[in-house]
Amino acid sequence: MNLLEILAQIPDPEIPVINIVELGIVREARMTGEDEAEIIITPTYSACPAMYNIEEDIIKLFSGMGITAHVVTRISPVWTTDWITDEAREKLREYGIAPPQKGAGQDHLDVPKECPRCRSENTRMISRFGSTLCKASYQCNDCLEPFDYFKCH
Ligand SMILES: [Zn+2]
């Protein structure tokens, strides 16, 4: 049984096009008994209330298969947006969200963001906080598309 494949059925609570495995929050998943599994997750932002549902979603998913899942939260090393897979970054772009820049760290908001629609870097920040605390709002100066940027962390 591929536990990661099962966990990949759980979408990110905020960005339904990517799942929690692609997001990089599932650190380890293993069977610890015939009908017991241990899932180690590292939550993304503590500021994101949606993250609290993930543990519940995992337990529910496995209990539907007759498996008791023990979800362990590991906060060190802390999750970083660098753990988001390249495939998921592409999905984010298609969804209209500029993916976080790899290794950009904390000062990333001042770096020009690429418009997910026309790929122009001629964009400007409208608000530090977009639809959620994890995102910032930008607008493209070329195609005028407003878009969210997934903040680095
Ligand atoms: Zn654009």
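Structure first, text after, so check above.
Residues numbered from 1 in each chain as written. Predicted model: local features only at pLDDT ≥ 70, side-chain atom pairs only at ≥ 80, totals over all residues.

Undergrad: Would you mind going over the nonpolar core with me for this structure?
TA: In globular proteins that are soluble, nonpolar side chains generally tend to be buried together. Counting residues in each nonpolar core, the largest one holds 30 residues, and the members touching the most others are Ile20, Val26, Ile39 and Phe147. Of all the elements in the fold, those that place two or more residues in this core are β1 (26-33), β2 (36-41), α2 (52-63), α3 (86-95), β4 (97-98), β6 (135-140) and β7 (146-150). Residues from two domains meet in this core; each of domain 1 (3-73) and domain 2 (97-150) gives at least three. Sequence-distant contacts of phenylalanine 147, that is, excluding residues within four places in its chain, are made with Gly96, Ile97, Ala98, Cys115, Pro116, Tyr138 and Cys140. (Core = buried A, V, L, I, M, F, W, Y, C linked by C-beta atoms within 7 Å. Buried ≥ 20, exposed ≤ 12 C-beta atoms within 10 Å, placed from the backbone. Helix = DSSP H or I, 4+ residues; strand = E, 2+ residues; numbered from the N terminus. Domains from an automatic or database assignment. Contact = placed C-beta atoms within 7 Å.)

Undergrad: How should I be thinking about the environment of arginine 128 in this particular structure?
TA: Here arginine 128 is to be found in the loop between β5 (123-127) and β6. On the neighbour-count criterion, arginine 128 (11 C-beta atoms within 10 Å) is exposed. Distance in space between the C-alpha atoms of arginine 128 and lysine 151 is 9.4 Å, their sequence separation being 23 residues.

Undergrad: Help me out: how do you make sense of α3 in this one?
TA: What sets the pattern is the α-helix's 3.6 residues per turn: residues three or four places apart point alike. By the burial criterion, the buried members of α3 are Ala88, Arg89 and Leu92. Axial view of α3: buried residues confined to an arc of 105°, hence all on one face. Seen from the buried face of α3, the exposed residues on the opposite side, beyond 90 degrees, are Asp86, Glu87, Glu90 and Glu94. Looking at the buried residues of α3, the elements they touch are β4 and β7. Residue glycine 96 follows α3 closely and has a positive phi angle near 95°. (Arc of directions from axis to C-beta.)

Undergrad: How should the environment of glutamate 36 be read in this particular structure?
TA: Tracing the chain through its elements places glutamate 36 in strand β2. Glutamate 36 sits in the partly exposed class, given 13 other C-beta atoms within 10 Å. Between the C-alpha atom of glutamate 36 and that of histidine 70, which follows or precedes it by 34 residues, the distance is 7.5 Å. Every residue in contact with glutamate 36, bar those within four places of it in the chain, is listed here: Met31, Ile67, Thr68 and His70.

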